[in-house]
Amino acid sequence: MKLSHYHVVTQPFFDEIEERTKRVVFSSRTSNVRIIDEHSWHILASGDFAQLPQDILFDLVDIELIVPDDENELQTILDYNNALAIDNDDLYLVVQPTAFCQLGCHYCGQEHTSKMMTEDEQQKFIERTAKKLASKNFRSLSIGWFGAEPLVGLPVMRTLTPKLQALAASFGCSYHAKIVTNGLALTHQVATEIVQELGVNSIEITLDGTGEYHDVRRMQKNGLPTFDKIFTNTVALAHRQDLDVQINIRCNVDYQNYESVSLLLQKLAEAEIQDKINFYVAPIHSWGNDAHTRSLSKEEFADWEITWFGEMVELGFKVGLLPERRPLVCMAVMPHSELVDAYGNIFNCTEVSYVPTYSTPNEYAIDHLSGKQMPGKRERLASFNDKVRQGAYPCSTCPMLPVCGGSCPKSWLEGIEPCPSAKHNIEQRLLLTYALSRIEEAEANKEALVYA
């Protein structure tokens, strides 16, 4: 037996309550955390597992912190990831009903036009989806409405949804849908329609800080501000009790607006929706352009993220500190998943459509609804796990691989390191998790004394 390569351990710290030195250990193969004393850690590090109590040894084997001595762990993880991609029984398809967006975000690499999916293109997409559903025994059909701005393409959503729902039912599949929207058109009426009639159960909205920050980067194409309308729509949606929908708020940050995250958190809390939403911050990345060059460094973002986590805890937000196992990194490695844009182009990545940098026809386009030949090959991104196995990227030696999956195949291909923030602040996340658990224990003990 050996200590798994896929672990992270904190520096030792002194627990004043128990009066002993401890460490927090994270098994990234199973996303499990254990608190151990310094003596036990030295036993683990030395590999002399016979000194461990049997119940502890069995537990550490169970969470895959201790693994067979002859196991090729990289192969085990990648074999599992590949098998899950092949055996996945959820058919996930992304639809861009329009190529237009009302916003003119300075970091967006897309080129927007008024193009909408035509009736003929919609019918071809339904036929293509039917062939996919017939190709294997899927249990669910999941649709992601994406942009440009998908709500501009609401007429297409209205036409396609009942056909997709009927198609799913005919193959004995459940139907699910989510949407990523700028929120500008997400009025009370539209929210009601997409959730209650169009089957959307998850909505993601972007707010890049408070108004003074958001409006200089996510303005309308005519220069008019958007924050007040989007914020009003978001708060109204979050307070609704008649809609069963998950709400995610994403805040994109770079050097221009990172200081606004705290202000936005406070504003969301003042609106009393902090416990009704999921909030996360993401660094600006390349969208076929140089937007990533204005982003914070990996280390700077990771440090600030810990600060934001602390503020979120204090304000009552739901906080996910520890990354979960991620065997399916993205649609690129899922052989049946794909994206169709408003022109009928087919991709296996959500970050490339409408991006003029990738030429015309788009070099990443792997097919077309019309059947015409396109320049891209699915394998270009789909072979990502094999490239990791071959050592083409640093992921092959990173202990965080099981929980990030390698992050973004396209970014690695283009020479841009996409490693998630958790790689740089996992120790702080672990310590914060431990501190919060002790606070919860103390609160529970207080309640026990009160009700004793």
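Right above here is the structure, for reference.
Residues numbered from 1 in each chain as written. Predicted model: local features only at pLDDT ≥ 70, side-chain atom pairs only at ≥ 80, totals over all residues. Heavy atoms only, no water.

**Some remarks on the overall build of the protein chain**
Then, in step 1: Counting secondary structure elements, the protein chain contains 15 helices and 15 strands.
Then, in step 2: C-alpha extents for the protein chain along the principal axes are approximately 70 × 50 × 45 Å.
Then, in step 3: Across the 452 residues of the protein chain, 52% fall into the buried class.
Then, in step 4: Considering only contacts in the protein chain between residues 6 or more positions apart, those separated by 24 or more positions represent 70%.
Then, in step 5: On the protein chain, roughly 20,400 Å² of surface is accessible, and the fraction owed to carbon and sulfur atoms is 52%.
Then, in step 6: Of the side chains in the protein chain, 40 bear a positive and 61 a negative charge, and the two mean positions are spaced by 7 Å. (Helix = DSSP H or I, 4+ residues; strand = E, 2+ residues; numbered from the N terminus. Buried < 20%, exposed > 50% of the residue type's maximum accessible area, 1.4 Å probe, protein only. Contact = heavy atoms within 4.5 Å. Areas by Shrake-Rupley, 256 points an atom, 1.4 Å probe, with all protein chains shown as cover. Lys, Arg positive; Asp, Glu negative; His and termini not counted. Charge placed at Lys NZ, Arg CZ, Asp CG, Glu CD.)

**Quick word on helix α3 (residues 73–87)**
Then, in step 1: Counted at 1.5 Å a residue, the expected span for α3 with its 15 residues is 21 Å, and the 21 Å between its end C-alpha atoms agrees.
Then, in step 2: Buried positions along α3 lie against β1 (2–3), β6 (66–67), α12 (384–389) and α13 (401–404).
Then, in step 3: In this structure N72 caps α3, since a side-chain oxygen of it lies 3.3 Å from the backbone nitrogen of L74. (Expected span 1.5 Å × (residues − 1). Polar contact = N/O pair within 3.5 Å; in protein donor to acceptor, adjacent residues only side chain to side chain.)

**Regarding the nonpolar core**
Then, in step 1: One finds W145, I194, I203 and F279 to be the most contacted residues of the largest nonpolar core, which totals 80 residues.
Then, in step 2: With seven residues, the single largest contributor to this core is helix α5 (residues 154–170). (Core = buried A, V, L, I, M, F, W, Y, C linked by side-chain atoms within 4.5 Å.)

**Overview of the sheet that holds strand β10 (residues 200–206)**
Then, in step 1: Read across the sheet, nine strands follow the order β12-β11-β10-β9-β8-β7-β13-β14-β15 without closing on themselves; strand pairing throughout is mixed. Looking at strand neighbours, the two that pair on one side only are β12 (278–283) and β15 (367–368), the edges of this open sheet.
Then, in step 2: Along the sheet, helix α10 (residues 298–315) makes contact with β11 (246–253) and β12, crossing β12 at roughly 165°. (Pairing = 2+ DSSP bridges. Axes fitted to C-alpha atoms, helices over the stretch in contact; angles between N-to-C directions.)

**Here we look at the pattern of salt bridges**
A side chain of one charge can pair with a side chain of the opposite charge if their charged atoms are brought near each other.
Then, in step 1: This model, assessed by the stated rule, comprises 28 salt bridges.
Then, in step 2: The salt bridge partner of R29 is E64, with a shortest N-O separation of 2.7 Å. With R29 in the loop between β4 (20–27) and β5 (32–37) and E64 in the loop between α2 (54–62) and β6, this pair connects stretches of sequence that are 35 residues apart.
Then, in step 3: The class of R29 is buried, set by a relative accessible area of 7%.
Then, in step 4: Here the salt bridges do not stand alone but share partners, grouping D15, E18, R20, K22, D37 and R438 into one network. (Salt bridge = Lys/Arg side-chain N within 4 Å of Asp/Glu carboxyl O.)

**What about the side chain of S262?**
Then, in step 1: You can see S262 is positioned in helix α9 (residues 261–270).
Then, in step 2: Ignoring anything within four residues of it in the chain, the contact list for S262 reads W308 and E311.

**Topic: unusual backbone geometry**
In most cases, non-glycine residues show a negative phi, while peptide bonds are predominantly trans.
Then, in step 1: Cis geometry is found at the peptide bond from G147 to A148, where omega equals 10°.
Then, in step 2: Relative to the helices and strands, A148 is located in the loop between β8 (140–145) and α5.
Then, in step 3: The phi dihedral of S31 falls on the positive side, at around 60°, and the residue is not glycine.
Then, in step 4: Within the secondary structure, S31 sits in the loop between β4 and β5.
Then, in step 5: The buried category is assigned to S31, whose relative accessible area is 14%.

**Some thoughts on the packing of aromatic side chains**
Then, in step 1: Applying the stated criterion across every chain yields a total of ten aromatic pairs.
Then, in step 2: Judged by centre distance (5.3 Å) and plane angle (20°), the rings of F227 and F231 are stacked. With a gap of four residues between them, F227 and F231 both fall in helix α8 (residues 227–239), about one helical turn apart. Exposure class is identical for F227 and F231. Each is buried.
Then, in step 3: Clustering of aromatic rings is evident, with ring pairs tying together Y258, F301, W304 and W308.
Then, in step 4: Just above the ring of F138 sits the side chain of K136; from NZ or CZ to the centre is 5.3 Å.
Then, in step 5: Over the ring of F100 we find K221; its NZ or CZ atom is 5.3 Å from the centre of that ring. (Phe/Tyr/Trp six-rings, centres within 6.5 Å; stacked < 30°, edge-to-face > 60°. Lys NZ or Arg CZ within 6 Å of the ring centre and 35° of its normal.)

**Considering the pairing of β12**
Then, in step 1: Pairing of β11 with β12 involves six bridges; the strand directions are parallel. Looking at the pairing, R250 lines up with Y280 of β12.
Then, in step 2: With respect to chirality, the unit in which β11 leads through α9 into the neighbouring parallel β12 is right-handed. (Right-handed = clockwise from strand over helix to strand, strands pointing away.)

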